[in-house]
Amino acid sequence: MISAMRWSPDHEALRGRIAVVAGATRGAGRGIATALGEAGATVICTGRSTRTHRSDYDRAETIEETAELVTRLGGVGIAAAVDHLDAGQVQRLAARIRTDYGHIDVLVNDIWGGELLKGGPADWNTPIWQHDLDKGLRILRLAIDTHLITSHHLLPLVIGGPGGLVVEVTDGTAEYDASHYRISVFYDLAKIAVNRLAFSQGHELAPYGATAVAITPGWLRSEMMLDNFGVAEENWRDALDPARALNGQPVAPADFFLSESPRYIGRAVAALAADPNRARWNQRSVSSGQLAHEYGFTDLDGSQPDIWRYIEEVREPGREGDLSLFR
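First, a word on what this report is: a plain description of the structure on this page. Just so it is clear, the structure is predicted and the values come from calculations on it, not from any experiment.

### Some remarks on the packing of helix α9 (residues 262-274) against helix α10 (residues 288-295)
If you want to describe how two helices pack, look at the angle between their axes and the distance between the axes.
In step 1: Where α9 contacts α10, the axes come no closer than 9 Å and their chain directions differ by 50°. Compared by their axis directions, α9 and α10 come out oblique. Where α9 crosses over α10, the handedness of that crossing is left-handed. Note on element contacts: α10 touches α9 through Ser288, Gly289, Leu291, Ala292 and Tyr295, opposite Tyr264, Ile265, Ala268, Ala271 and Leu272.
In step 2: Broken down by class, the residue content of the contact of α9 with α10 amounts to eight nonpolar, two polar and no charged.

Written out as structure tokens, the structure reads:
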């Protein structure tokens with residue numbers, strides 16, 4: 001394995017490749033788009049938040065910003081406003097890509113949009129009969145229908161030639177989610193379904209020489225997560241300082257030390273896309289930390305956080321463990 005301290009991105013690894021990151025406005029989607037750009041890819045960044053229209057998140061991040069970051073890092077970023085619940089909009093996106101590029105090398109389904117609907121920790125573990133039904137069904141539509149609509153219209157562009165890669169982004173590996181209840185019936189079903197979608201699509205793609213993989217980040221330092229703790233990416237470790245409580249500031253749990261930037265899962269996707277033997281991952285469900293140890297890439301600070309391994313080896317068995325051994 002490449003030494004973590006010596007690793008640096010190959011800015012030509014994906015030069016000439018055409019990627020679509022569906023749900024690239026913020027969070028993991030932006031991290032994936034920028035990491036693909038860091039590797040030289042042309043990245044079509046889709047989402048609902050633009051400089052002239054905000055999604056129901058009502059946040060400042062936009063797909064134009066993401067596309068500009070892709071270009072700044074060495075790729076070619078293209079912003080495309082798309083609501084992936086609208087099959088007509090996705091169909092028009094497919095037609096545009098077919099005309100402009102003829103194919104897709106990497107398709108990333110990172111569409112989510114349910115962060116506000118799932119609520120915070122105080123709302124978790126609400127029984128289905130007490131859960132707001134409309135919100136629950138909306139979670140499923142945003143998490144599952146969007147992915148199905150996107151795959152239906154864009155996969156024909158992936159299978160045009162051998163070597164295509166489809167990445168389904170979820171929360172938790174298939175193994176972990178199969179034995180753990182996740183927040184609510186609706187959230188639980190959504191995340192398990194996306195893992196299964198990678199499995200089933202991998203079955204259908206294999207005869208065409210294409211690969212489908214489900215990837216989960218660890219504790220992601222998304223823009224929303226950083227806002228929750230009142231820190232930025234540059235000073236995220238400050239959230240761990242217990243003294244913050246004296247000023248009424250939120251203090252992050254100790255295992256926030258193992259959190260990761262969105263670029264980390266992005267580099268996981270870029271590593272998969274650059275691997276000529278990527279088909280060995282077909283139908284599998286993996287984490288960013290697992291792929292970091294496989295391919296040798298690092299997070300922005302040169303570390304390799306692996307909170308899922310920490311959960312499995314330390315937290316779940318109730319053991320004591322040095323957090324630094326998992327970063």
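### Regarding the sheet that holds strand β3 (residues 76-81)
In step 1: Taking strand neighbours across the sheet as the criterion, the seven strands line up as β3-β2-β1-β4-β5-β6-β7 in an open arrangement whose pairing is parallel. In this open sheet, the two strands that pair with only one neighbour each are β3 and β7 (285-287). For this sheet the average axis-to-axis angle between neighbouring strands, irrespective of direction, equals 20°.
In step 2: Bridge analysis of strand β5 (residues 165-169) against strand β6 (residues 211-216) gives five bridges, and the strand direction is parallel. Residue pairing for β6: Val166 is matched across the bridge by Ala212.
In step 3: Strands in contact with helix α5 (residues 133-158) are β1 (18-22), β4 (106-109) and β5; relative to β4, the strand with the most contacts, it is inclined by about 180°.

What counts as what
- Per chain, residue numbering runs from 1 following the sequence as it is written.
- Given that the model is predicted, a residue must reach a pLDDT of at least 70 before its local features are reported, and side-chain atom pairs must reach 80 or more before they are shown or counted; all residues, however, enter totals for whole chains, interfaces and linings.
- Only hydrogens and water are set aside; all other atoms, that is, all heavy atoms of the structure, feed into the side-chain values.
- Orientation is described by axes fitted as lines to C-alpha atoms, over the contacting stretch for helices, and by angles from 0 to 180 degrees between their N-to-C directions.
- Helical segments are the DSSP runs of H or I of at least four residues, strand segments are the runs of E of at least two, and each set is numbered from the N terminus.
- Each angle is binned into one of four classes, with values under 35 degrees roughly parallel, values over 145 roughly antiparallel, values of 65 to 115 roughly perpendicular, and all other values oblique.
- Helix crossings are classified by the rotation of the near helix relative to the far one: an anticlockwise turn of less than a right angle makes the crossing left-handed, while a clockwise turn makes it right-handed.
- The contact definition used throughout considers only heavy atoms, calling two residues in contact when any of these lie within 4.5 Å.
- Basically, the charged four are Asp, Glu, Lys and Arg, the nonpolar ten are Ala, Val, Leu, Ile, Met, Phe, Trp, Tyr, Cys and Pro, and anything else, Gly included, counts as polar.
- Here a strand pair is declared whenever DSSP counts at least two bridges between the two strands.

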